[in-house]
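Close look at the chain arrangement
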Amino acid sequence: MPTSSPQLPPADLGTPEIVRSITDVVLEIPADLPHDARFDDHDVDSLVLAEAAVVVTRLYGVEVHEWELRDAGTLQGVAGVVRERVAAHRAGR
């Protein structure tokens, strides 16, 4: 059975939409976590970030790794990584 590829999100996808798409699925990341809160300060560990990376990859059709989300450090940073990856994908990089 063929599977369809994820649709790329709109180019102007904002931080709140990206964060919500992750926290709706990865319940270990509280939906009310401030976007600038450091993961290390809120018990968001590498296993949770690995799950988030899989979710991002599936939802947005761009490959993202756990270490990149860990390096991003916050939900705001994660949203930036997602936007950068989507932009690169659109540009054919």
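Residues numbered from 1 in each chain as written. Predicted model: local features only at pLDDT ≥ 70, side-chain atom pairs only at ≥ 80, totals over all residues. Heavy atoms only, no water.

1. Quick look at the nonpolar core
- The biggest cluster of nonpolar side chains holds 27 residues, and the ones touching the most others in it are Ile-22, Ile-29 and Tyr-60.
- For this core, the secondary-structure elements that each account for two or more residues are α1 (15-23), α2 (46-60), α3 (66-72) and α4 (75-90).
- It is α2 that provides the largest number of residues to this core, a total of seven residues.
- Those residues within four positions of Ile-22 in sequence are excluded, and the remaining contacts are Ile-29, Ala-52, Val-55, Val-56 and Val-78. (Core = buried A, V, L, I, M, F, W, Y, C linked by side-chain atoms within 4.5 Å. Buried < 20%, exposed > 50% of the residue type's maximum accessible area, 1.4 Å probe, protein only. Helix = DSSP H or I, 4+ residues; strand = E, 2+ residues; numbered from the N terminus. Contact = heavy atoms within 4.5 Å.)

2. Side note on the side chain of Thr-15
- Tracing the sequence through the fold places Thr-15 in helix α1.
- Among the polar contacts made by the side chain of Thr-15, one reaches the side chain of Arg-83 at a distance of 3.2 Å.
- Aside from chain neighbours lying at most four places away, what touches Thr-15 is His-35, Gln-76, Ala-79 and Arg-83. (Polar contact = N/O pair within 3.5 Å; in protein donor to acceptor, adjacent residues only side chain to side chain.)

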